[in-house]
Amino acid sequence: MPWSRRRSAEALPAWIGLAPLVVLLHVACGGDGPTTPTPSASPTGPTATQVEPLKNAAGATVRLVGAAVQASLLRSDTTYVSAFAHHFNYATAENEMKWAQIERQQGQRDYGPADEIVAFATGRGIAVKGHTLVWHSSTPAWLEALTTADARRAVEDHIRTTVGRYRGRVVAWDVVNEAIGDSGLRDTVYLRKLGPDYIAEAFRIAREADPDALLIYNDYGGEGLGRKSDDIYALLQGLLGRGVPVGGVGLQMHLDAASRPASADIATNVRRLAELGLLVNISEMDVRIARVPADASARLEEQRRAYHDVVAVCVAEPRCVGVTFWGFTDAHSWVDQAFGPDDPLLFDDSYRAKPAYYGVLDALWRR
Ligand code: XIL
């Protein structure tokens, strides 16, 4: 059956407001239907804009497919812009909405680069996810010196001002990022100054600032089953039990193909989170292959499989509403700096489609 007839209005996730609805309808009306791709890692294979848009396949299954973007590249690289616009109906600021970027000096806020991303996306009918309001790794240095009362006020101001600014244009927010550590709550400036209730407070303030956005708890290393995913589950269950307005959970999914969690475990974890009533996002997916003991083409095949299997888990779970990749071209990935040289994304340095791209496409089409 052609994909455009497979989708139905009833299947739209309830949290999706008008803007992404327009995206999905636009996508649903504009595609050419499935093609039969030939996986290729060849240096002469098709480039990003020559292959089927991922958003066609994602729209057919009523899901958002996105990537983290960088404002500086949107400004300077037309290949980057056209590849992004061709494939994605969901955009996330890689760094531009982080607190340390916005408010380097207290009271002097710069939303310029974040505004550029929002304007770029909304101008093309691409839904935006805000990332991220409360994260220990991107907190302005000046917060540490404040008294508890002043720190509480500063956090509240930051959330109100930022969420309020983009109300109606940002459909979802990663409100709190990576609050779980190796054992229980991570030791952060937020925990030390504000106490464990800072998480609930952040969600309540975000809800007041935007009554409609999907409010997400986002974390890494809790994708499959194990202690950390149990801790994340327990945190969310506790918050929901106290009526805290958390609506979604983001599983970052920064994977190493050499040691990735079993897909069945990811599926079980996603299901139990969904049973709490949460919507699930795969929120920052990339797949490192440098440590896979094999030749280049076998590594790319392992990577294809990893992408395919994770996206297939999302497509099989009605409450998994979107997948976001942490970039889309190997030319620009945080992985090289954070973990060492690698090729973790869907398109190569020259924007050619890798087997990973076909893995995602196939999974979105349920193949
Ligand atoms: C990373 C960015 O990609 C880098 O450019 C930056 O230097 C550090 O942050 N988890 C997250 C993301 O939630 O915000 C991080 O992004 C990657 C890990």
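The shown structure was predicted, so the numbers you read here are calculated from the model rather than taken from an experiment. (Residues numbered from 1 in each chain as written. Predicted model: local features only at pLDDT ≥ 70, side-chain atom pairs only at ≥ 80, totals over all residues. Heavy atoms only, no water.)

1. Some points on the overall build of the protein chain
Here comes step 1: Counting its regular elements, the protein chain contains 15 helices and 9 strands.
Here comes step 2: Residues classed as buried in the protein chain amount to 57% of the 367 residues present.
Here comes step 3: Element-wise, carbon and sulfur atoms account for 51% of the exposed surface of the protein chain, whose accessible area totals about 14300 Å². (Helix = DSSP H or I, 4+ residues; strand = E, 2+ residues; numbered from the N terminus. Buried < 20%, exposed > 50% of the residue type's maximum accessible area, 1.4 Å probe, protein only. Areas by Shrake-Rupley, 256 points an atom, 1.4 Å probe, with all protein chains shown as cover.)

2. Some thoughts on the packing of helix α8 (residues 148-165) against helix α10 (residues 198-209)
Here comes step 1: Here α8 crosses α10 at 35°, and the two axes come no closer than 9 Å. Of the two possible hands of crossing, α8 and α10 adopt the one that is right-handed. Contacts from R152, E156, I159, R160, V163 and G164 of α8 reach α10 at E201, A202, I205, A206, E208 and A209.
Here comes step 2: Broken down by class, the residue content of the contact of α8 with α10 amounts to 6 nonpolar, 1 polar and 5 charged. (Axes fitted to C-alpha atoms, helices over the stretch in contact; angles between N-to-C directions. Left-handed = near helix turned anticlockwise from the far one by under 90°. Contact = heavy atoms within 4.5 Å. Nonpolar A, V, L, I, M, F, W, Y, C, P; charged D, E, K, R; others polar.)

3. A closer look at unusual backbone geometry
Here comes step 1: The omega torsion of the bond from H131 to T132 falls at -5°, within 30 degrees of zero and hence cis.
Here comes step 2: Along the chain, T132 falls in strand β3 (residues 127-135).
Here comes step 3: Backbone geometry at E178 places phi at a positive 60°, although glycine is not the residue there.
Here comes step 4: With respect to the secondary-structure elements, E178 resides in the loop between β4 (172-177) and α9 (189-194).
Here comes step 5: Positive phi, normally seen in glycine, also occurs at M253, with a value near 70°.
Here comes step 6: The topology assignment puts M253 in the loop between β6 (248-251) and β7 (254-256).

4. So, the pairing of strand β8 (residues 279-288)
Here comes step 1: A large share of β8 lies buried, amounting to 10 of its 10 residues.
Here comes step 2: Two strands pair when backbone bridges link them, and β6 and β8 are joined in this way by 4 bridges, in the parallel orientation. Paired with G250 across the strands is N281, a residue of β8.
Here comes step 3: Alignment of β7 against β8, held across 3 bridges, turns out to be parallel. In the strand pairing of β8, D256 is matched with R288.
Here comes step 4: The pairing of β8 with strand β9 (residues 320-325) spans 4 bridges and is classified as parallel. Each bridged residue has a counterpart across the sheet, and for I282 the counterpart in β9 is V323.
Here comes step 5: In the classification by handedness, the crossover that spans β8, the intervening helix α13 (residues 296-316) and the parallel β9 is right-handed. (Pairing = 2+ DSSP bridges. Right-handed = clockwise from strand over helix to strand, strands pointing away.)

5. Observations concerning the pattern of salt bridges
Here comes step 1: Tallying each qualifying case throughout the model produces 22 salt bridges.
Here comes step 2: Residue R192 is joined to D187 by a salt bridge in which the shortest nitrogen-to-oxygen separation is 3.1 Å.
Here comes step 3: Residue class for D187 comes out exposed when judged on its relative accessible area of 57%.
Here comes step 4: Across the pair R272 and D230 runs a salt bridge whose closest N-O atoms are separated by 3.0 Å. Of this pair, R272 sits in helix α12 (residues 263-275) while D230 sits in helix α11 (residues 227-241), placing them 42 residues apart in sequence.
Here comes step 5: Each of the salt bridges in this network shares a partner with another, and the network as a whole consists of E301, E302, R304 and R305. (Salt bridge = Lys/Arg side-chain N within 4 Å of Asp/Glu carboxyl O.)

6. Comments concerning the site of the ligand
Here comes step 1: Close contacts around the ligand come from E94, N95, K98, H131, W135, N177, E178, Q252, H254, E284, W326 and W334, and that covers them all.
Here comes step 2: The separation between an oxygen atom of the ligand and a polar side-chain atom of N177 is 2.9 Å.
Here comes step 3: For the ligand, an oxygen atom lies 2.7 Å from a polar atom in the side chain of E284.
Here comes step 4: Here the ligand has 410 Å² of accessible area as a free molecule, and 77% of this is covered by the chains.
Here comes step 5: Looking at the shell around the ligand residue by residue, the classes come out as 3 nonpolar, 5 polar and 4 charged. (Near = heavy atom within 4 Å. Polar contact = N/O pair within 3.5 Å; in protein donor to acceptor, adjacent residues only side chain to side chain.)

7. Description of the pairing of strand β1 (residues 64-69)
Here comes step 1: Burial analysis of β1 places 6 of its 6 residues in the buried class, the great majority of the element.
Here comes step 2: Neither face of β1 is exposed, since L64, G66 and A68 on one face and V65, A67 and V69 on the opposite face are all buried.
Here comes step 3: Judged from the 4 bridges that link them, β1 and β9 form a sheet pairing that is parallel. The partner of V65 across the bridge, within β9, is V323.

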